[in-house]
Amino acid sequence: MGELSTGLRTLGTRFDIDEGDVAVWSAILLVEFLAVLAYVSMTSTTITEPRYAVYPFIWINVGLLAVSRTKVSKRSRGIQTLALGVTGLYLLVLLYLGGLVRFGIFTPLGSGTEFRISWALPGWGPVVVFRNPWLQTVVVPFKAAGYLSFAYLLYARLLDATKGVLSGVFGLVSCVGCTFSILMPLFGASAFSAVTQLSWDLSTVVFLITVALLYWSAEIEAILSAYTRSLTS
């Protein structure tokens, strides 16, 4: 049980925040609050559901915090290429399912080229749209930030997962946090939006769980391993 206790302590202290971090994040939160306040004042927008003004910044801030505290391990070029390929495919699937990317080969996108910027509540906007007959991209700030943070964290975890194993592929598959994290976002906004008005509530929960799985993947696996050994000893 000693290993289990050590793992739990490590898991609980991973986000060790000092006074400098408090000052920086207080400033970030203040800027975000002022940006929302300025937008509401200038556009006469009425926020009837305050949580929808907060959710985008949860995605942005939690993703940024996790990425800023995650270091990428140095691995061989072959392992890096494999991890980068898996991560790139994962990101592309997320962008497609999240509606940020569409391909003309699958969906008719119309003729001509279009580029526009639509202003919206900070975090939700500004929305940048680019479209031509072959590709359409819709950049929603918080979704783009969230998906990019997923990709970075997954890449770091995939590199960690290949340490000490003979096969890089085995390491990728055996990474519990990586495997579940690849699947979790698929049950996000695109899956819930058609069936419930709570789509963004559920999507935000899925986002937080996914970040936790990716960020604490090594600790979660260590705890599970220690717990399994304690049961069989």
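Below you will find a few notes about this structure. (Residues numbered from 1 in each chain as written. Predicted model: local features only at pLDDT ≥ 70, side-chain atom pairs only at ≥ 80, totals over all residues. Heavy atoms only, no water.)

### Comments concerning the pattern of salt bridges
Let me state the cut-off plainly: We count a salt bridge whenever a side-chain nitrogen from Lys or Arg sits within 4 Å of a carboxyl oxygen from Asp or Glu. Buried residues are those whose accessible area, probed at 1.4 Å on protein chains only, stays under 20% of the maximum for their type, while exposed residues exceed 50% and partly exposed ones sit between those limits.
Inspection of every chain in the model, using the stated rule, returns four salt bridges. We note a salt bridge from Glu49 to Arg51, for which the minimum N-O separation is 2.7 Å. The exposure class assigned to Glu49 is partly exposed, which follows from its relative accessible area of 36%. Between Arg116 and Glu114 there is a salt bridge, with its nearest N and O atoms 2.2 Å apart. Judged by its relative accessible area of 37%, Arg116 is partly exposed. Where salt bridges share partners, they join Glu49, Arg51 and Asp201 into one cluster.

### Here's the deal with the packing of helix H3 (residues 50-68) against helix H5 (residues 141-161)
As a reminder, the rule being used: Here, axes are lines fitted to C-alpha atoms. For helices the fit covers the stretch in contact, and angles between N-to-C directions go from 0 to 180 degrees. Numbering goes from the N terminus for both helices and strands, where a helix is a DSSP run of H or I of at least four residues and a strand is a run of E of at least two. An angle below 35 degrees is treated as roughly parallel, one above 145 as roughly antiparallel, one from 65 to 115 as roughly perpendicular, and anything else as oblique. Crossing handedness follows the turn of the near helix against the far one: under a right angle anticlockwise gives a left-handed crossing, and clockwise gives a right-handed one. We call two residues in contact when some of their heavy atoms are within 4.5 Å. Any residue that is not Ala, Val, Leu, Ile, Met, Phe, Trp, Tyr, Cys, Pro, Asp, Glu, Lys or Arg is counted as polar, Gly included; the first ten are nonpolar and the last four charged.
Where H3 contacts H5, the two axes come as close as 8 Å, and the packing angle between them is 25 degrees. Comparing the axis directions of H3 and H5 gives the class roughly parallel. Remark: the crossing between H3 and H5 carries left-handed chirality. Counted together, Pro56, Trp59, Ile60, Gly63, Ala66 and Val67 of H3 and Phe142, Lys143, Ala145, Gly146, Tyr147, Ser149, Tyr152 and Leu153 of H5 form the full contact between these two elements. Residue classes in the contact of H3 with H5 are distributed as 10 nonpolar, three polar and one charged.

### Thoughts on unusual backbone geometry
For the bond running from Gly125 to Pro126, omega is 5 degrees, close enough to zero to count as cis. Looking at the element boundaries, Pro126 is found in the loop between strand S2 (114-118) and strand S3 (127-131). At Ser44, a position not held by glycine, the phi torsion is positive, near 60 degrees. Along the polypeptide, Ser44 turns up in the loop between helix H2 (19-43) and H3. Ser44 gets classed as exposed once you look at its relative accessible area, which sits at 62%.

### Remarks on the sheet that holds strand S1 (residues 101-103)
The line we're drawing: Note: two strands are recorded as paired if DSSP finds a minimum of 2 bridges between them.
Strand order in the open sheet formed by four strands is S1-S4-S3-S2, with antiparallel pairing between adjacent strands. On the outer flanks of this sheet lie S1 and S2, each paired with one strand and no other. In this sheet, adjacent strand axes meet at a mean angle of 5 degrees when their direction is disregarded. Sheet topology note: the S3/strand S4 (residues 135-139) ladder contains four bridges and is antiparallel. By the bridge assignment, Val129 is partnered in S4 with Val138.

### A word on the packing of aromatic side chains
Spelled out, the test is: In this analysis, rings of Phe, Tyr and Trp, with Trp reduced to its six-membered ring, are considered paired at centre separations within 6.5 Å, and the interplanar angle assigns stacked below 30 degrees, edge-to-face beyond 60, and tilted for intermediate values. A ring is considered to have a charge above it if a Lys NZ or an Arg CZ atom is located within 6 Å of its centre and within 35 degrees of its normal.
Per the stated rule, a full pass over the model turns up nine aromatic pairs. Both rings, one in Tyr96 and one in Phe103, keep their centres 6.3 Å apart while their planes meet at 15 degrees; by these two values the pair is stacked. Its relative accessible area of 24% is what places Phe103 among the partly exposed residues. Arranged with centres 4.8 Å apart and planes meeting at 70 degrees, the rings of Trp124 and Phe142 form a pair that is edge-to-face. With Trp124 in the loop between S2 and S3 and Phe142 in helix H5, the pair connects residues that are 18 residues apart, well separated along the chain. Judged by relative accessible area, Phe142 falls into the buried class, the value being 1%. By the ring-pair criterion, three or more aromatic residues cluster together here, those being Trp59, Trp124, Phe142, Tyr147, Phe150 and Phe207. In this arrangement the basic side chain of Arg51 is found over the ring face of Tyr52, its NZ or CZ atom lying 4.5 Å from the centre. The aromatic ring of Tyr96 is capped on one face by Arg102, whose charged end is 4.8 Å from the ring centroid.

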